[in-house]
Amino acid sequence: MAYRVLLVFILVISVRTEEEATTRMSRLERLSLREESRKMFYHAYNAYMENAYPADELMPLSCKGRWKGITPSRGDMDDALGNFSLTLVDSLDTLAIMGDFSEFSAAIKLVINDVTFDHDIVVSVFETNIRMLGGLLSAHILANTLKQEVPALQWYNGELLAMAEDLGRRLLPSFNTSTGIPHGKVNLRHGIRSLSESRETCTACAGTMILEMAALSRLTGNPVYEQKAHKAMDRLWKIRHRTSDLMGTVINIHSGDWVRKDSGVGAGIDSYYEYCLKAYILLGDEKYLARFNRHYNAVMKYISRGPVMLAVHMHRPHLQSRNFMDALLAFWPGLQVLLGDVRPAVETHEMLYQVMQRHTFIPEAFTSDFQVHWGQHPLRPEFLESTYFLHRATEDDHYLQVGKTVLKALQQYTRVPCGYAAVNDVRTRIHEDRMDSFVLAETFKYLYMLFGEDKDLPVKLEDYVLTTEAHFLPLSLATDGKNTTYFTLKIDDDDEDKYRKTCPNTASLVAEKVRQPMRHLLGSTAARPPARLRPLNDPRQIHALSDMGISVLTLPDGRVQLLYTTSTAKSAKDAAEGLTFMREMSKWNSLSDMENGVVPAAVKFNNKLFPAGPGHFGKEITVQDLYMQTAAFVTPFDACTPIENKQEVEGKFGISKRGQCTFAQKVRNMQKAGVTLGIILDNVPDSTHESTALFAMSGDGKDDIEIPAVFLFSQEGRYLTESLLENPDLVITVGDHKFLKRQMDNNCDDGNCEAVLETQSAPADKESFDHLKKVLSQLVAQFELSLSNEENTSPKTCTDEKDEINILKDKYVGKEVKVESVCTTKDAPEQSKVPPLMPPPEYNKKMTPETDVRDGF
């Protein structure tokens, strides 16, 4: 059953929360943080050079390098690798920006002498373009610009540009499609000859080429690179949805048809929008500004919901396509700053900051109520990028404080002896043996630039455009080489009137006043525990709840009550956080999986029924589908490489563990081994459907998976593991959750079976409970009114005359409702007589792993 508790609100005083005035950061502290950012970069850079170079990336936990084809594969995650010293090339210009010209010169010499692209290796066109080609071009431009004034660079004679052109030629075959939309991958030596099965690419992958390719054309005088990139951008514009002006996320490169039509501003589409605007800024081609304005208006109309950005269906833009956001959308406020639309940038950034404070880091995906959807955090730079641009636009020291918070979190939770390690799950903060090249190329660069001053940089920032990988391309390229008017670029007739220059909104605003209502809307800035983060018997959460004025009462029969009194909170701000927590618990108590946008599947064995997350790939599990089979654990258990025990799992359900690669990659490998259905078990310790909402496993844009797959949280997975160890011939049933539950209800009249994790029937006095929930929601509404009240009010006591609480008609309920306030003394709070709800089933108690197989949970 869903984990339900009785929520008892005892309102003693009115709590007032206001955003504290942003503390001005002293110049001394700012310089200290700038130097700490520099030291962070060198800790990671030196760890890479000493332990990994010339490999592509550093594995910070293993203290060794990651190579393509040598280090165990992580599936599609390794597409950025090409055995071309990726991290060094990507971070060359960071050395220059930090003023370390001697190391910059030495690093360029290493790249010239050691790096080659003549490898029989398949790489991502997108990643290679933004990281490698962009890194080479940016380093070349800075070296050329600085060598007249920097003796250490006077030897440089354009060698990096020659390497960039060599790499550009190797990327050109990817554009050989009937649509002009490039392949997602290319072989550095053989082009696309061995990639005939390649059919799909993401919108961002195809639309994030124009800056680097145009720069290469204009620096070398060879127009072909820019022509190819323009053609791809033109085709993308033509296949937008003409009514909504939105883009999908995955395209068939041969037909130009949309494969995935969900439209947001995050993964799969993010940098396409970015390059539409930046192509205008860099190249001066006004058609890109017109296109961006059309897209931007559509995004703000259909996708933006206040500070929240939720994806929709491009062809049905009023229909939400998923209930979570991903971390990559954090670039959007920075892009809005470039456009001049600062107010919504402040709002969305504040929303992201709330998420970060709640979980220490921004998880890869999170729901609109800030719960973790995917817990990984690979030290991404996008939030810092937007923080940097907002600080430049507003000169508000709040953004310096935000950067300081990020810096301290990185230092405390991700620094390891060999660099900085990615976070596998923000809830556990367990490390992952991963340090992407963008950590050096972007994350530490933006930190350094945020705390630094313009005079700290060796070049004038206003003379450059920063690419999506934070590489520097000069605005002078607009008049260098062949201008875009040289090319024949057809413009849609119906859009000609749109191709005109517009001026961004430069109206001044005080960012603090924009953030303040966001605080009231989203909750306080305190990093309080989410309502579903841990079981309520966790002493850490009980302590945190106590600070917020919430007592956890366990009755003799095992039932649980939450008692909330503002007078026992640690501070007024903590009391306000307590209210927000209770509001989330109230909402969660009545939240079903269907309301979360997930149609659950179910796994049944031992006469028990477990809800399971479905997949957005493979065969959909519908009411008509019922799968019954024995199961076996796959080897390797993470299923990220080809399955080694094919004979044992063929024709059975395959069981693997989450982590190391995408869900789709695991199921794809199991399918190749003959598995008929994949069951993936969570790797987050003690996770359960009782405390975490079900989610649907995301696909990777490919449609080659034919078998179904489901996801079980770790407590349910541990129970399945124990059952299989006791009975290897155990028959498991997988199907639609509602169908299996009805079937179980019809067959369980004898009481021998149990629907595990299902919501139990309501208590006999259901009307009383429903009335209580109604009262609670009204008390929440009234209490929140006092939170946003600008004037203090005197707290009432039990000696005061009892007043009625009036709920405003137009804001909270359909008609005016009057509810008597609850009045107590501090020493003897009066509790509701409504009986609390039952706790979770007994099986939910923690199980101790006894075998190596179960140690993976």
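Bear in mind that the values here come from a model prediction, so they are computed numbers and not experimental data.

### Looking at the side chain of Ser263
Phase 1 of the analysis: Residue placement: Ser263 occurs in strand β9 (residues 262-263).
Phase 2 of the analysis: A relative accessible area of 0% places Ser263 in the buried class.
Phase 3 of the analysis: Engagement of the side chain of Ser263 in a polar contact is seen with the backbone oxygen of Met247, the distance being 2.7 Å.
Phase 4 of the analysis: For Ser263, the residues in contact, after removing those within four places along its chain, are Leu246, Met247, Ile269, Tyr273, Ile303, Ala311, Val312 and Met314.

### Focus: the packing of helix α5 (residues 125-146) against helix α8 (residues 210-220)
Phase 1 of the analysis: Two elements in contact, α5 and α8, have axes whose closest approach is 10 Å; the angle formed by their N-to-C orientations is 40°. By the criterion of interaxial angle, the relationship of α5 to α8 is oblique. α5 and α8 meet at a crossing whose hand is left-handed. The segment α5 lies against α8, with Asn129, Ile130, Leu133, Gly134, Leu137, His140 and Ile141 engaging Glu212, Met213, Ala215, Leu216 and Leu219.
Phase 2 of the analysis: Across the contact of α5 with α8, the residue classes tally to 8 nonpolar, 3 polar and 1 charged.

### Comments concerning the pattern of salt bridges
One side chain can pair with another of opposite charge once the charged atoms of both are near each other.
Phase 1 of the analysis: Under the defined criterion, the tally for this structure stands at 36 salt bridges.
Phase 2 of the analysis: Arg74 is paired through a salt bridge with Glu57; the nearest N and O atoms lie 3.7 Å apart. Taken together, the residues Arg74 in the loop between β3 (64-66) and α2 (86-90) and Glu57 in strand β2 (residues 57-59) connect sequence positions 17 residues apart. The two residues Arg74 and Glu57 agree in class, both being buried.
Phase 3 of the analysis: Each of Asp118, Asp166, Arg169, Arg170 and Arg189 takes part in salt bridges that share partners, so that together they form one network.

### Focus on the nonpolar core
Phase 1 of the analysis: In this structure, Phe104, Ile210 and Tyr273 are the most contacted members of the largest nonpolar core, which totals 160 residues.
Phase 2 of the analysis: Residue contributions to this core peak at 12 residues, all from α5.
Phase 3 of the analysis: Among all residues touching Phe104, those that are not within four sequence positions of it are Leu92, Leu95, Ala96, Ala139, Leu142, Ala143 and Leu153.
Phase 4 of the analysis: Of all hydrophobic cores here, the second largest spans 24 residues; its members include Ala639, Ile643, Ala673 and Leu694.

### Some thoughts on the packing of α5 against helix α6 (residues 159-171)
Phase 1 of the analysis: Axis separation between α5 and α6 bottoms out at 8 Å; the angle between their running directions is 155°. Accordingly, the angle class assigned to the pair α5 and α6 is roughly antiparallel. Handedness of the α5/α6 crossing: left-handed. Between α5 and α6, the contacting residues are Thr128, Asn129, Met132, Leu133, Leu136, Leu137, Ala139 and His140 on the first element and Leu160, Leu161, Met163, Ala164, Leu167 and Leu171 on the second.
Phase 2 of the analysis: Tallied by class, the residues present in the contact of α5 with α6 amount to 11 nonpolar, 3 polar and no charged.

### Considering the environment of Ile362
Phase 1 of the analysis: By the secondary structure assignment, Ile362 is in the loop between α13 (342-359) and β15 (365-367).
Phase 2 of the analysis: Taking the relative accessible area as the measure of exposure, Ile362 reaches 6% and is therefore buried.
Phase 3 of the analysis: Each C-alpha atom of the pair Ile362 and Gln376 lies 8.6 Å from the other, and the pair is 14 residues apart in sequence.
Phase 4 of the analysis: Once residues lying within four places of it in the same chain are set aside, the contact partners of Ile362 are Ala327, Leu352, Val355, Met356, Gln376, His377 and Phe383.

### Quick notes on the state of the cysteines
Phase 1 of the analysis: With the rule as written, the count across this model stands at 3 disulfides.
Phase 2 of the analysis: In this model, Cys202 is linked to Cys205 through a disulfide, with the two sulfur atoms separated by 2.1 Å. Between Cys202 and Cys205, the S-S torsion sits near 90°, and that sign places the bridge as right-handed.
Phase 3 of the analysis: There is a disulfide in this structure between Cys640 and Cys661, and the S-S distance comes to 2.1 Å. Of note, the bridge from Cys640 to Cys661 carries an S-S torsion of about -95° and is left-handed in sense. Pair noted here: Cys640 is in the loop between β28 (631-633) and α20 (646-649) and Cys661 is in the loop between β29 (653-657) and α21 (663-672), with a separation of 21 residues, a long-range link.
Phase 4 of the analysis: By relative accessible area, Cys661 is classed as buried at 11%.

Cut-offs applied
- Residues numbered from 1 in each chain as written.
- Predicted model: local features only at pLDDT ≥ 70, side-chain atom pairs only at ≥ 80, totals over all residues.
- Heavy atoms only, no water.
- Helix = DSSP H or I, 4+ residues; strand = E, 2+ residues; numbered from the N terminus.
- Buried < 20%, exposed > 50% of the residue type's maximum accessible area, 1.4 Å probe, protein only.
- Polar contact = N/O pair within 3.5 Å; in protein donor to acceptor, adjacent residues only side chain to side chain.
- Contact = heavy atoms within 4.5 Å.
- Axes fitted to C-alpha atoms, helices over the stretch in contact; angles between N-to-C directions.
- Parallel < 35°, antiparallel > 145°, perpendicular 65-115°, else oblique.
- Left-handed = near helix turned anticlockwise from the far one by under 90°.
- Nonpolar A, V, L, I, M, F, W, Y, C, P; charged D, E, K, R; others polar.
- Salt bridge = Lys/Arg side-chain N within 4 Å of Asp/Glu carboxyl O.
- Core = buried A, V, L, I, M, F, W, Y, C linked by side-chain atoms within 4.5 Å.
- Disulfide = S-S within 2.5 Å.

As far as function goes, none of this settles anything; it's purely spatial.
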